[in-house]
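Residue strings, one per chain:
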Amino acid sequence: MPRRLALCVLLSVALVASACGGDDGGGGGDETAAGAEELVGVFKIDPGTCDTAGPVTKGSYFRMITPDGKPGDGPYVPNGDSPCGDKTWAPMKPGSDGGLRTGEYQPYPDPAFDDKGNGTAASVTQPTVWFAVTFANATNEKDPQTDAATSMPKIVVEEGKLSGDLSAYAAAWNKQHFNQGAPKPGGDRPGLTVGPTGTYDEATKAYTLDWSSQIVGGPFNNFTGVWHLEGTFEAEG
Amino acid sequence: MATRDADLAAEQRLAESAARVKQRTAARSAAITPLRVALVIGIGLIAAPFIFQMLGGDNRALKGADMMDAFKPYMTETRITQFQGFLGTIDAAEQETRTKFLPAIEPAATSVPQQQAVAAVEDWSAKWRGETDAIGINEDMSGMVNDIAANLDNYAAVNALPKFFLFPFFFIMPGIMIALIARAAIKRVRTGRGAGTPGKLLVVMGVGLIAAPFIFQMMGGENRAFEGKSMIDDFKPIMTQENIGNIQGYFPVIGLAEGQLRNDLVPLAGPSATTDYPAIAEFSGVWNTISAEFADFLGAMNDNLGEYSAVKALPPFSLFPFFFILPGLMVAGLGLAALRRT
């Protein structure tokens, strides 16, 4: 009898503990490591703006570092289709979802390219012209360049600082696929692959998000994509 | 007296018998030795693919097969002619830009972006022709494409051979057979029955090994082994990280100029720009195709650097026929020797 009673008590404790350990609801904020909060929703993108004088001064953009370059110093690849005075800056505009979703993939449509090689995905960002052909961004469960499984896009905030896993992030350009995640699928960080890092203001929901991702394989092997998103975060639900 | 004669006769018979036994033993040893050498050659053939890392280690045979498959779409007359055409299109645009277009529109390029565009286009023109560097982009890329064009037949010859990943087994399978046959022959000789059928099979295996390079036209006919060596040698300066890095660096120079021409400078030439400057119009019209095709090709080159290095690390292709012929001669000769000695 005492043994049966002890078993009942243990089972009851287990049931109560599992009921108490679930999501506290409210969308957008899931507890991960102690003190860190996962931000689930849309990181809405402010469009990049620049003038004929020089770089992007506000909003989101992309740059590409040459194989012998370094972040901050360059050299960066100049793009003849950039509207900026400094052609190494490619301002980006928000896509149909408003920006980058976490907790959900925003995969490439099928087909991922039109017949001229332009990328067709337009949910994260609008396709951006790069050397006469648009590149399009997406987050895919299976990376189209490497066929590797990726992690769901995830950004966490801790004391106003952002980090996470954007291994699913990719760019499609001219019938070529490039993983542009940080870390890479599987967790590696080759070469100049760093981030994502950033800032988040809980009161205004304003954020900045930065990462760089070295291309591994293909025609642009060892070039590095530098990504800067900024805007406001909108929690899901 | 009679007893003594009988003893002497018995001794003589014993001596003669001993001599015969000794003679037969010597004959068996003489027959076994070449069979043992054949056995060792068989084992050597089995080991060779592992020693050369065709199988295991660097897996060079598999990498060679992967490389041949990766290059297949580009090693065609159609594709190479297309690449040569692209370079011709860019060259024609450069000449027209330098000799006609820039002199005509430069006075109108007054804003900072327009002047930056002129600078970018002039930079492309100079690098294209090699004014600033030891070798111009056009000369370098045309040379590379022409070297590839010169090896189309060599590639086709090597591609006509059995798949690379099968090559280790062309050593291993005969090696196993020769070793087993030699062992069977040794057993026969030890029992006093002579080399017999296994000995004859050794001769047949040897002749087969000698014939194989000629059957596959590695030697004679298309001389595929020698053409393969030529191709690997000609690709040495092309398939390097440095060369790929150079070509990667050419792309932004050409692409930037095309974009600046299209976006900033051609509008200065007015509504008749397309007809006035047809080479530049053609360049912009096909640029996305050019960049896609060259990107594809450059990607294949970059992604097969390791595979090319693996194939290059093998002994020269021109020696491969002899890796069959020499063991074949030896095995056939050893088989014949064993047969004669029994």
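Quick notes on the rules
- Residues numbered from 1 in each chain as written.
- Chains lettered and ligands numbered in written order.
- Predicted model: local features only at pLDDT ≥ 70, side-chain atom pairs only at ≥ 80, totals over all residues.
- Helix = DSSP H or I, 4+ residues; strand = E, 2+ residues; numbered from the N terminus.
- Buried ≥ 20, exposed ≤ 12 C-beta atoms within 10 Å, placed from the backbone.
- Contact = placed C-beta atoms within 7 Å.
- Rg over C-alpha atoms; globule rule 2.2 N^0.38 Å.
- Arc of directions from axis to C-beta.
- Pairing = 2+ DSSP bridges.
- Axes fitted to C-alpha atoms, helices over the stretch in contact; angles between N-to-C directions.
- pLDDT = per-residue confidence, 0-100.
- Nonpolar A, V, L, I, M, F, W, Y, C, P; charged D, E, K, R; others polar.
- Core = buried A, V, L, I, M, F, W, Y, C linked by C-beta atoms within 7 Å.
- Parallel < 35°, antiparallel > 145°, perpendicular 65-115°, else oblique.
- Left-handed = near helix turned anticlockwise from the far one by under 90°.

A few words now on the overall build of chain A. On a plain count of helices and strands, chain A comes out with 1 helix and 18 strands. Evaluated residue by residue, chain A yields a buried proportion of 48% over its 237 residues. Considering only contacts within chain A whose residues lie at least 6 apart along the sequence, 60% involve residues at least 24 apart.

Within chain B, the regular secondary structure consists of 14 helices and 0 strands. Listing the helices and strands of chain B from first to last along the sequence gives α-α-α-α-α-α-α-α-α-α-α-α-α-α. A compact globule built from 342 residues would reach a C-alpha radius of gyration of about 20 Å, whereas chain B, at 35 Å, exceeds it by more than 25%. Principal-axis analysis of the C-alpha atoms gives chain B an extent of 140 × 30 × 25 Å. Looking at chain B as a whole, 37% of its 342 residues are labelled buried. Taking the contacts inside chain B whose residues are at least 6 apart along the sequence as the reference set, 83% of them involve residues at least 24 apart.

On to helix α6 (residues 152–160) of chain B, then. Residue and element names in this part refer to chain B. The set of residues buried in α6 consists of N154, Y155, A157 and V158. Projection of α6 onto a plane perpendicular to its axis shows the buried side chains occupying an angular sector of 160°, all on one side. Contact partners of the buried residues in α6: α2 (60–71) and α9 (224–235).

Residue and element names in this part refer to chain A. Residue D110 is joined to P111 through a cis peptide bond whose omega torsion reads 5°. Within the element layout of this structure, P111 appears in the loop between β9 (99–101) and β10 (128–130). With an omega of -10°, the peptide bond between A182 and P183 qualifies as cis. As for its position among the elements, P183 is in the loop between β15 (176–179) and β16 (194–200). One non-glycine residue, D147, lies in the positive phi region at around 65°. Positionally, D147 belongs in the loop between β11 (133–139) and β12 (154–158).

Residues and elements named next belong to chain A. Taking strand neighbours across the sheet as the criterion, the 4 strands line up as β10-β11-β14-β15 in an open arrangement whose pairing is antiparallel. In the strand order of this sheet, the two ends are held by β10 and β15, each with one partner. With direction set aside, neighbouring strand axes in the sheet form an average angle of 35°. One ladder, built from 5 bridges, connects β11 with strand β14 (residues 169–173); its direction is antiparallel. When the bridges of β14 are listed, F135 appears paired with W173.

For chain A, the average pLDDT comes to 89, and 86% of its residues sit at 70 or higher. Low pLDDT, under 50, characterises residues 12–31 of chain A; the stretch is placed with 15 contacts to residues that sit more than four places away or in other chains.

Residues and elements named next belong to chain A. Burial analysis of β11 places 7 of its 7 residues in the buried class, the great majority of the element. Here β11 shows a buried face lined by V133, F135, N137 and T139 and a second buried face lined by T134, A136 and A138. As paired elements, β10 and β11 share 3 bridges and run antiparallel to each other. Across the sheet, residue T128 finds its bridge partner in β11, namely F135. Joining the antiparallel neighbours β10 and β11 is a turn of 2 residues, in which F131 adopts a positive phi near 50°.

Another aspect to go through is the interface of chain A and chain B. How big an interface is tends to be stated in terms of the accessible area lost upon association of its parts. Each partner contributes residues to the interface: chain A has 22 residues there, and chain B has 20 residues. Residue classes in the side of chain A that touches chain B are distributed as 8 nonpolar, 10 polar and 4 charged.

Okay, the environment of A48(B) next. If you trace the backbone, A48(B) turns up in helix α1 (residues 2–51). Between the C-alpha atom of A48(B) and that of I176(B), which follows or precedes it by 128 residues, the distance is 12 Å.

Turning our attention to the environment of M218(B). Residue and element names in this part refer to chain B. Among the structural elements, M218 can be located in the loop between α8 (196–215) and α9. With 27 C-beta atoms counted inside 10 Å, the residue M218 sits in the buried group. Apart from residues no more than four positions distant in its own chain, M218 is found in contact with P213, R224, A225, F320 and P321.

A word on the nonpolar core. Nonpolar side chains tend to gather and get buried jointly when the protein is soluble and globular. Residues F43(A), A172(A), W173(A), V121(B), A257(B) and I280(B) are the most contacted members of the largest nonpolar core, which totals 82 residues. With sequence-adjacent residues up to four places away left out, A257(B) is seen in contact with A120(B), V121(B) and W124(B).

Residues and elements named next belong to chain B. Contact geometry of α1 with helix α7 (residues 167–190) gives a least axis separation of 7 Å together with a crossing angle of 160°. As far as their axial angle goes, α7 and α1 are roughly antiparallel. At the point where α1 passes α7, the crossing takes the left-handed sense. For the contact of α1 with α7, the class distribution of residues is 22 nonpolar, 2 polar and 4 charged.

Residues and elements named next belong to chain B. By secondary structure assignment, the location of G143 is in helix α5 (residues 137–149). Under the C-beta neighbour-count criterion, G143 is labelled partly exposed, with 13 such atoms within 10 Å. Expressed as a C-alpha distance, the spacing of G143 and I238, which sit 95 residues apart in the sequence, is 9.9 Å.

Okay, the confidence of the model for chain B next. All names here are of chain B. Here chain B shows a mean pLDDT of 94. Residues at 70 or above account for 99%. Averaged pLDDT values over the elements of chain B bottom out at 89 in α1 and peak at 97 in helix α3 (residues 77–105). This prediction of the complex comes with two scores: 0.86 for pTM and 0.84 for ipTM.

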